[in-house]
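Structural overview for review
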Amino acid sequence: MPIFDTHAHYDSSAFNPDREAVLAALPEAGVALVVDPGCDLPTSRAALALAEQFPHVYAAVGIHPEDCAGYTDADLDALRQLCRHDKAVAIGEIGLDYYWAENPPREFQQQVFRRQLELALELDMPVIIHDREAHGDSLAIVKEYPGLRGVFHCFSGSPEMAAELLKRGWYLGFDGPITYKNAKRAPEVAAMTPLDRILVETDSPYMTPVPFRGKRNDSRYLPYVLEKLAEWKGVTTEEMTDITFANGKRLFGIGGPV
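So, here's what we can say about the structure. (Residues numbered from 1 in each chain as written. Predicted model: local features only at pLDDT ≥ 70, side-chain atom pairs only at ≥ 80, totals over all residues. Heavy atoms only, no water.)

1. A look at the overall build of the chain
Where we set the bar: Secondary structure elements are defined from DSSP: runs of H or I of at least 4 residues count as helices, runs of E of at least 2 residues count as strands, and each element is numbered from the N terminus. Throughout, the radius of gyration refers to the C-alpha atoms, and the reference size of a globule is 2.2 Å times the residue count to the power 0.38. Burial classes: relative accessible area under 20% of the type maximum marks a residue as buried, over 50% as exposed, and values in between as partly exposed (1.4 Å probe, protein chains only).
Regarding its fold elements, the chain presents nine helices and eight strands. Whereas a compact globule of 258 residues would reach a radius of gyration of roughly 18 Å, the chain reaches 17 Å, a difference of no more than 12%. Overall, the chain is about 45 × 40 × 35 Å in size when its C-alpha atoms are taken along their principal axes. Burial statistics for the chain: of 258 residues in total, 55% are counted as buried.

This is how it looks when you write it as structure tokens:
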């Protein structure tokens, strides 16, 4: 059963010591596909470079809310050019982050978010959305664009918000934190999420699942997330692996047998 890690930052400096070795080892470990999302123009280009180097790696390109302070319309034009790459499969990681006080002003984050959502509609591409402590505004903004499709990465909103997104055809991403003891909302959200709307992610090098919490994360730890989701949904880990692999290929338009 091949695994699809739909969100992993292998362009991160945390992988500088052994990036190529880790990525080369993934297929043998059962990880058949990875999407690496950029967070600004340099990391988006780095993600595409990795996608060129490794057949199993694809890239998303975008400007993260924490990294949007210097955004100009020229950046949007640059993203549009990057999206022409054969292995660019989504616009992301984009969204809103109200957690850090030093982040760009909320209104400016929202402006950059909207511009990138409009670009996704223009190019008919899915989006990967980061939503941290900004649930109300994130939901309100995506509702302005009913033609959008994509995933709320590492979903942390309420079951009510999940229901609104699922009604509109969105996917929800589940990561290492669902294995933590304090994961209270996640079981309820997972219970109401149809199997065909679940994606699994590592967010490597972050959010490592139990029993490796505190270590650098990579896609080889994804079976712990799959096992927990399978338990909650009443299916086997193998079935959950197959389902989420097919879901990822469908959302990101990656060819081959599902």
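Back to the text.
2. What to know about the packing of helix α7 (residues 185-192) against helix α8 (residues 222-233)
Note the following rule: In this analysis, axes come from line fits to C-alpha atoms, helices being fitted only over the stretch in contact, and the angle between any two N-to-C directions falls in the range 0 to 180 degrees. Note: crossing handedness is left-handed where the near helix turns anticlockwise from the far helix by less than a right angle, and right-handed where it turns clockwise. Contacts between residues were defined by any pair of non-hydrogen atoms, one from each residue, lying within 4.5 Å. Only Asp, Glu, Lys and Arg are considered charged in this grouping, and only Ala, Val, Leu, Ile, Met, Phe, Trp, Tyr, Cys and Pro are considered nonpolar; every other residue, Gly among them, is considered polar.
Where α7 contacts α8, the axes come no closer than 9 Å and their chain directions differ by 65°. Crossing angle aside, the handedness with which α7 passes α8 is right-handed. Between α7 and α8, the contacting residues are Ala186, Pro187, Ala190 and Ala191 on the first element and Leu229, Trp232 and Lys233 on the second. When the residues that make up the contact of α7 with α8 are grouped by side-chain class, the tally is six nonpolar, no polar and one charged.

3. Here's the deal with the packing of α8 against helix α9 (residues 237-252)
In plain terms, the rule: In these notes the angle categories are as follows: under 35 degrees is roughly parallel, over 145 is roughly antiparallel, 65 to 115 is roughly perpendicular, and the rest is oblique.
α9 packs onto α8 with a crossing angle of 105° between their chain directions and a minimal axis gap of 8 Å. In terms of their interaxial angle, α8 and α9 are classed as roughly perpendicular. Packed against α8, whose contacting residues are Leu226, Glu227, Leu229, Ala230 and Lys233, the element α9 presents Thr237, Met240, Thr241 and Thr244 at the interface. The residue makeup of the contact of α8 with α9, split by class, is four nonpolar, three polar and two charged.

4. Details of the pattern of salt bridges
Stated precisely, the cut-off is as follows: Throughout this description, the term salt bridge denotes a Lys or Arg side-chain nitrogen within 4 Å of a carboxyl oxygen of Asp or Glu.
All told, the structure shown has 10 salt bridges when counted by the stated rule. Put simply, glutamate 164 and lysine 167 hold a salt bridge, and the shortest N to O gap is 3.3 Å. Note that glutamate 164 and lysine 167 are positioned in helix α6 (residues 159-167) at a spacing of three residues, about one turn of the helix. You can call lysine 167 exposed: its relative accessible area is 60%. The partly exposed category is assigned to glutamate 164, whose relative accessible area is 23%. Beyond isolated ion pairs, a larger network of salt bridges with shared partners links Lys143, Glu164, Lys167 and Arg168.

5. Describing helix α3 (residues 73-82)
An α-helix turns once every 3.6 residues. As a result, residues three or four positions apart point the same way. Rule in force here: When we speak of the arc, we mean the arc of directions from the helix axis to the C-beta atoms.
Listed in full, the buried residues belonging to α3 are Asp75, Leu76, Ala78, Leu79 and Leu82. Within α3, the buried residues cover an arc of 160° as seen down the axis, which keeps them to one side. On its buried side, α3 packs onto α2 (41-53), β3 (57-61), β4 (88-97) and α4 (106-123).

6. Section: the packing of aromatic side chains
Our working rule: When the centres of two rings from Phe, Tyr and Trp lie within 6.5 Å, Trp using its six-membered ring, the rings pair. Their planes under 30 degrees apart give stacked, over 60 give edge-to-face, and anything left gives tilted.
By the definition in use, this model includes eight aromatic pairs. Arranged with centres 5.4 Å apart and planes meeting at 80°, the rings of phenylalanine 152 and tryptophan 170 form a pair that is edge-to-face. Taken together, the positions of phenylalanine 152 in strand β6 (residues 150-152) and tryptophan 170 in the loop between α6 and β7 (171-174) put the pair 18 residues apart, joining distant regions of the chain. A residue is classified by how much of its surface remains accessible, and tryptophan 170, at 2% relative accessible area, is buried. Seen from their ring centres, phenylalanine 212 and tyrosine 224 are 5.6 Å apart, and the 70° between their planes marks the pair as edge-to-face. Taken as a pair, phenylalanine 212 in the loop between β8 (198-200) and α8 and tyrosine 224 in helix α8 lie far apart in primary sequence, 12 residues in all.

7. A look at the environment of alanine 29
Take alanine 29: it is sitting in the loop between α1 (19-25) and β2 (31-37). Taking relative accessible area as the criterion, alanine 29 reaches 42% and is therefore assigned partly exposed. Separated by 190 residues in the primary sequence, alanine 29 and serine 219 have C-alpha atoms spaced 9.0 Å apart.

8. Notes on the pairing of β7
Side-chain positions along a regular strand alternate between the two faces of the sheet. Counted only if it meets this: Pairs of strands are assigned from DSSP output, requiring at least two bridges between the strands. The path from the first strand over the helix to the second decides the hand: if it runs clockwise while the strands point away from the viewer, the crossover is right-handed.
Of the two faces of β7, the one holding Tyr171 and Gly173 and the one holding Leu172 and Phe174 are both buried throughout. Alignment of β6 against β7, held across two bridges, turns out to be parallel. What sits directly across from valine 151, in β7, is tyrosine 171. Read from β6 through α6 to β7, the crossover connection turns out right-handed. Where β7 and β8 come together, three bridges link them in parallel fashion. Of the residues in β8, the one forming a bridge with glycine 173 is leucine 199.

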